[in-house]
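Descriptive structure summary
Okay, here's what each chain looks like letter by letter:
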Amino acid sequence: MHFLFPLSTMSKTIIAGPCSVESRDQLLSITRSLSRIPQVSLIRAGVWKPRTRPGAFEGLGAVALSWMQELASEYHVNYCCEVARPEHIDLCLQHGINTVWIGARTTTNPFMVDELCSALRGTNMAVLVKNPVCPDTQLWLGAIERLEAASIHNITAIHRGFNLYNNRGYRNAPMWEAALELRRQRPDLPVLCDPSHMGGRRDLVTPLSLIAMQLDYDGLMVEVHPSPDQAWSDAAQQLTPLQFASLLDILPPAHNAHSDYPALLPLREQIDTIDHELLNLLAKRMAVSRRIADVKRQANIPVYQPRRWQAVIADRLSQAGKLGLDTSFTKQLLDKIHTESVRIQLQPPTPLTPNPTNPT
Ligand code: PEP
Ligand code: MN
């Protein structure tokens, strides 16, 4: 087992382990199984469990940490667990735990993140930051930036899905596009996928992991339990070590994302040319918007013409349908173009250069 932070592009970081530590025997059993799987970089094991409803199992606390400390040196493994309060961080440090994660419920709360940052400052801990419960990428980024301001630089984001009113059959619906926004803004940050809390069901873990690999996530955090059906928390979503090993077997081989596969090159050239054409056309369209703005100004016609816009949308969506383009994508694209056109038309006209020979 190796401890792999920061990540390299050539290998995936695989974190696996039970939702919660339940007993020394359970931890020993899962540690034995996972220590034999070379791809596993870290064992996850919840010690303090944030439960949505009171009365559920809330974790064993510090005693679990003492088992983790003992087994870490016996099996040469590294563990990580969730922290939600400053004293959790102190206890982790006392027990040799150097990687922690901030759970979805905590990422949501800047006050709590700030308190954790104060406890983390000056430590050398690696911190995994789960996305907040609600689909707010700024909140997710905010937690990461707070950690950075506290001089924590070994940070990895984890996409564990979002709690929406309609979760489409998932426990926490994946929003790949929200995570993509984070990855666009922070290409330097590794991002893992947690298919267990996304799916909430054992049978969804593999398909979600495969999507994450297609999206070039840097790795996975998967819940694995010696006997999932008997688990004290999240029984429905945990895999047996055998099921987990089968999942690892079918993951596509790690590759260098930047390698130029020969058959891609001519297609990428076509994409480059088409993008340049699209930008030229957009520039032409905006130039026409400027001329329209002049005409409207002279005729005292308002910039925003809802009826004309509805007609434009209807016409373009019908064309898009015939061309096989996705309706929602086309609508979003046209709305963006229209917003920019309105912005341009609202700009004051370029002032005429005053004629110095004819002062007014
Ligand atoms: C967990 O990983 O055990 C957990 C509670 O996750 P989340 O914060 O994503 O709900
Ligand atoms: Mn869990």
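Residues numbered from 1 in each chain as written. Chains lettered and ligands numbered in written order. Predicted model: local features only at pLDDT ≥ 70, side-chain atom pairs only at ≥ 80, totals over all residues. Heavy atoms only, no water.

**Describing the overall build of the protein**
Cut-off, in case you're wondering: By the criteria applied, helices consist of DSSP H or I runs no shorter than four residues and strands consist of E runs no shorter than two, each listed in order from the N terminus. The globule rule used here is 2.2 Å times the number of residues to the 0.38 power, and the radius of gyration it is set against is calculated over C-alpha atoms. Exposed residues in this analysis have more than 50% of their type's maximum accessible area, buried residues have under 20%, and partly exposed residues fall in between, with area computed by a 1.4 Å probe over protein chains only. Exposure was quantified through the Shrake-Rupley algorithm and a 1.4 Å probe, taking into account, for residues, occlusion by the shown protein chains and nothing else. By the counting scheme adopted, Arg and Lys are positive, Glu and Asp are negative, and His together with the chain ends is not counted. Charge positions come from single atoms, namely NZ of Lys, CZ of Arg, CG of Asp or CD of Glu.
When its secondary structure is counted, the protein shows 13 helices and eight strands. Since a compact globule built from 360 residues should have a radius of gyration of about 21 Å, the 26 Å found for the protein marks it as more spread out than a globular shape. Taking the principal axes of its C-alpha atoms as reference, the protein extends roughly 90 × 50 × 40 Å. Counting the 360 residues in the protein, one finds 43% classified as buried. A total of about 19,600 Å² of accessible surface is found on the protein, and carbon and sulfur atoms cover 56% of it. Side-chain charges of the protein comprise 35 positive and 34 negative groups, with the mean position of each set lying 8 Å from the other.

**Quick word on the nonpolar core**
Which entries qualify depends on this criterion: Nine residue types can take part in a nonpolar core, namely buried Ala, Val, Leu, Ile, Met, Phe, Trp, Tyr and Cys, and a core is a set of them joined through side-chain atoms within 4.5 Å. Here, two residues are considered to be in contact whenever any of their heavy atoms come within 4.5 Å of each other.
Judged by nonpolar contacts, the single largest core of 68 residues is most densely connected at Leu27, Leu34, Met68, Cys92, Leu147 and Phe244. In this view, Met68 contacts Val21, Leu27, Ala45, Val47, Tyr79, Cys80, Cys81 and Ile97; residues no more than four positions away in its chain are not counted. In terms of nonpolar packing, the next biggest core, distinct from the first, is built from eight residues, Leu42, Ile158, Leu192 and Met221 among them.

**Concerning the coordination of the manganese ion (ligand 2)**
So the rule is basically this: Each metal site is built from N, O and S donor atoms within 2.8 Å (3.2 Å for Na, K and Ca), and since water is not included, such sites may look incomplete.
Looking at the metal site, the manganese ion (ligand 2) is ligated by Cys19 (SG), His197 (NE2), Glu223 (OE) and Asp234 (OD), spaced 2.0 to 2.4 Å from it. Accessibility expressed as a relative area gives 0% for Glu223, which makes it buried.

**Overview of the packing of helix H9 (residues 202-214) against helix H10 (residues 241-250)**
Rules: Under this scheme, a helix contributes an axis fitted over its contacting stretch, all axes are lines through C-alpha atoms, and angles between N-to-C directions fall in the 0 to 180 degree range. In what follows, roughly perpendicular refers to angles from 65 to 115 degrees, roughly parallel to angles under 35, roughly antiparallel to angles over 145, and oblique to any angle outside these ranges. Note on convention: near helix rotated counterclockwise from far helix by under a right angle means a left-handed crossing. Clockwise means right-handed.
Relative orientation of the contacting elements H9 and H10 amounts to 20°, with a least axis distance of 10 Å. Considering their axes alone, H9 and H10 lie roughly parallel with respect to each other. You can see that H9 and H10 cross each other, and the crossing is right-handed. Contact residues: H9 offers Arg202, Val205, Thr206, Ser209 and Leu210, while H10 offers Gln243, Leu247 and Ile250.

**A few points about the packing of aromatic side chains**
This is how the line gets drawn: Two rings belonging to Phe, Tyr or Trp (six-membered ring only in the last case) form a pair when the distance between their centres is within 6.5 Å. Interplanar angles under 30 degrees mark stacking, angles over 60 mark edge-to-face geometry, and anything in between is tilted. Our definition puts a charge over a ring when NZ of Lys or CZ of Arg is within 6 Å of the ring centre and also within 35 degrees of the ring normal.
Summed over all chains, the structure comprises three aromatic pairs. On the numbers, 5.7 Å between centres and 85° between planes, the contact of Trp176 with Tyr217 is edge-to-face. In this pair, Trp176 sits in helix H7 (residues 176-185) while Tyr217 sits in the loop between H9 and strand E8 (219-223), placing the two residues 41 residues apart along the sequence. With respect to burial, Trp176 and Tyr217 carry one shared label: buried. The residue whose ring lies beneath Arg183 is Tyr217, and the NZ or CZ to ring-centre distance is 4.6 Å.

**Description of the confidence of the model for the protein**
The criterion, for reference: Residue-level confidence of the predictor is what pLDDT reports, using numbers from 0 through 100.
Averaged over every residue, the pLDDT of the protein is 93; residues scoring 70 or more account for 93%. When the criterion is pLDDT under 50, residues 1-9 qualifies, and its contacts beyond four places in sequence or with other chains add up to 29 contacts.

**Focus: the packing of helix H6 (residues 137-149) against H7**
To be explicit about the condition: Residue polarity follows a fixed list, in which Ala, Val, Leu, Ile, Met, Phe, Trp, Tyr, Cys and Pro are nonpolar, Asp, Glu, Lys and Arg are charged, and the others, Gly among them, are polar.
Remark: H6 packs on H7, axes separated minimally by 10 Å, with the N-to-C direction vectors making an angle of 45°. When the interaxial angle is binned, H6 and H7 end up oblique. Crossing hand, H6 versus H7: right-handed. Mapping the contact onto sequence places Thr137, Gln138, Trp140, Leu141 and Ile144 in H6 and Ala178, Ala179, Glu181, Leu182 and Gln185 in H7. Partitioning the contact of H6 with H7 into residue classes produces six nonpolar, three polar and one charged.

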